[in-house]
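Topology and contacts: notes
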Amino acid sequence: MWTPWNIGQTGAMLVAAVFALALSVLMGRVAYRLPRALDARIATAPSVAHRRYRAWFLATGPILAVLCAWHFGATPAAAAAILYSVTLLALAWIDAETGLLPDLLSLPLLWLGLLVNLDGAFTPLPDAVVGAMAGYLALWIICWLFLLITGRVGMGHGDFKLLAALGAWLGWASLPWVVLVSSSLALAVALGLRLTGRMNAGDSLRFGPYLAGAGIVALLRL
């Protein structure tokens, strides 16, 4: 039997899905145009991989929106969570396709996280501020230690800013879990690619999609 509660919850999920679909269409255009505006070497004609990423992006956004509405209810926190998730999906797409994590998406996401947490929507504001700082410094330190030991740069600065944005939304306490999960997934994928001959020694693996995925899961765990 339908009750007022589940009717309201279902309506919120439908509204969330429509909102996410519209936002995904907009962010899809950004994901296509922004990296090409930043790097002229990126082909302008959509490739097969680009079409595949776009289809995945448009399908995943509404699904995540329904999960956000179910988890947070018909609240401003749910709308913020949808914006956060779709932006992370766009960053994951851009990084997977082009190897870029544009500041024009990462930095507004960071500042929006601090703004959303002014009233502690997802974490207390002091934890968000420390999380933003710790997120950046953690990967910066790891990157420079790797450089000192191996003489090679193991990570781009876009990853630092993305983890800082996750810290601003989730707080510092969630960062060890995010780093552990994303690193484990990246390591498992790299191992699988090596075993199947699709990755050679010394090849780099783009870390942004794994950070983004772990960041979405972490928000839904709060």
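A short note on the pattern of salt bridges
Inspection of the entire model under this criterion finds 3 salt bridges. For Glu 97, the salt bridge goes to Arg 36, with nearest N and O atoms at 3.1 Å. Of this pair, Glu 97 sits in helix H3 (residues 76-98) while Arg 36 sits in helix H1 (residues 4-38), placing them 61 residues apart in sequence. For Arg 36, a relative accessible area of 13% corresponds to the buried category. Lys 161 is paired through a salt bridge with Asp 103; the nearest N and O atoms lie 2.9 Å apart.

What about H3?
The first and last C-alpha atoms of H3 sit 33 Å apart over 23 residues, in line with the 33 Å expected at 1.5 Å per residue. Taken across its 23 residues, H3 has 19 buried, putting it largely inside the fold. A positive backbone phi angle near 80° is found at Gly 99, which sits one or two residues after H3.

Describing the nonpolar core
Tyr 84, Leu 88, Phe 122, Trp 169, Leu 170 and Val 178 are the most contacted members of the largest nonpolar core, which totals 59 residues. Top element by residues in this core is H3. It accounts for 14 residues. When sequence neighbours within four positions are dropped, the list of residues in contact with Val 178 reads Leu 163, Leu 166, Leu 170, Leu 211, Ala 214, Gly 215 and Ala 218.

Some details on the side chain of Thr 87
Counting through the fold element by element, Thr 87 comes out in helix H3. Leave out the neighbours within four places in its chain, and Thr 87 touches Met 27, Leu 105 and Leu 109.

Details of the layout of surface pockets
Space inside the second largest pocket adds up to approximately 210 Å³. What lines the second largest pocket is simply Tyr 53, Ala 96, Leu 193, Met 199, Ser 204, Leu 205, Arg 206, Pro 209 and Tyr 210. Considered class by class, the residues forming the lining of the second largest pocket number 7 nonpolar, 1 polar and 1 charged.

What to know about the packing of aromatic side chains
Here a ring pair, both rings aromatic, is described through the centre-centre distance and the interplanar angle of the planes. Scanning the model with the defined rule gives 6 aromatic pairs in all. On the basis of an interplanar angle of 75° and a centroid distance of 5.3 Å, the ring pair of Phe 72 and Phe 122 is categorised as edge-to-face. Remark: Phe 122 occurs in the loop between helix H4 (103-116) and helix H5 (125-150) and Phe 72 occurs in helix H2 (residues 48-72); sequence separation between them is 50 residues. Neither residue differs from the other here; Phe 72 and Phe 122 are each classed as buried. Look at Phe 122 and Trp 169: their rings are 5.8 Å apart centre to centre, the planes differ by 35°, and that puts the pair in the tilted class. In this pair, Phe 122 is assigned in the loop between H4 and H5 and Trp 169 in helix H6 (residues 157-170), connecting sequence segments 47 residues apart. Phe 122 sits in the buried class, given a relative accessible area of 10%. These aromatic residues form a ring-pair network of at least three members: Phe 72, Tyr 84, Phe 122 and Trp 169. Above the face of the Tyr 53 ring, Arg 52 is positioned so that its terminal group lies 5.9 Å from the ring centre.

Quick word on the environment of Val 25
For Val 25, the position within the fold is in helix H1. Looking at Val 25, the relative accessible area reads 32%, which means it is partly exposed. Val 25 sits 169 residues away from Arg 194 along the chain, and the two C-alpha atoms are 35 Å apart.

Focus: the confidence of the model for the protein
Low-pLDDT stretches of the model should not have their predicted coordinates read in fine detail. Confidence in the prediction of the protein, expressed as mean pLDDT, is 89, and 95% of residues score 70 or more. Per-element confidence in the protein is highest for H4, whose mean pLDDT is 97, and lowest for H1, whose mean pLDDT is 83. When the criterion is pLDDT under 50, residues 1-5 qualifies, and its contacts beyond four places in sequence or with other chains add up to 3 contacts.

A short note on the environment of His 157
You can see His 157 is positioned in helix H6. Counting along the chain gives 56 residues from His 157 to Leu 101, while the straight-line C-alpha distance between them is 8.6 Å.

What counts as what
Residues numbered from 1 in each chain as written. Predicted model: local features only at pLDDT ≥ 70, side-chain atom pairs only at ≥ 80, totals over all residues. Heavy atoms only, no water. Salt bridge = Lys/Arg side-chain N within 4 Å of Asp/Glu carboxyl O. Helix = DSSP H or I, 4+ residues; strand = E, 2+ residues; numbered from the N terminus. Buried < 20%, exposed > 50% of the residue type's maximum accessible area, 1.4 Å probe, protein only. Expected span 1.5 Å × (residues − 1). Core = buried A, V, L, I, M, F, W, Y, C linked by side-chain atoms within 4.5 Å. Contact = heavy atoms within 4.5 Å. 1 Å grid on protein atoms, 1.4 Å probe; cavity = no way out; pocket = protein on both sides within 12 Å on 5 of 7 lines; lining within 4 Å. Points joined across faces, edges and corners; volume = space filled by probe spheres on them. Nonpolar A, V, L, I, M, F, W, Y, C, P; charged D, E, K, R; others polar. Phe/Tyr/Trp six-rings, centres within 6.5 Å; stacked < 30°, edge-to-face > 60°. Lys NZ or Arg CZ within 6 Å of the ring centre and 35° of its normal. pLDDT = per-residue confidence, 0-100.

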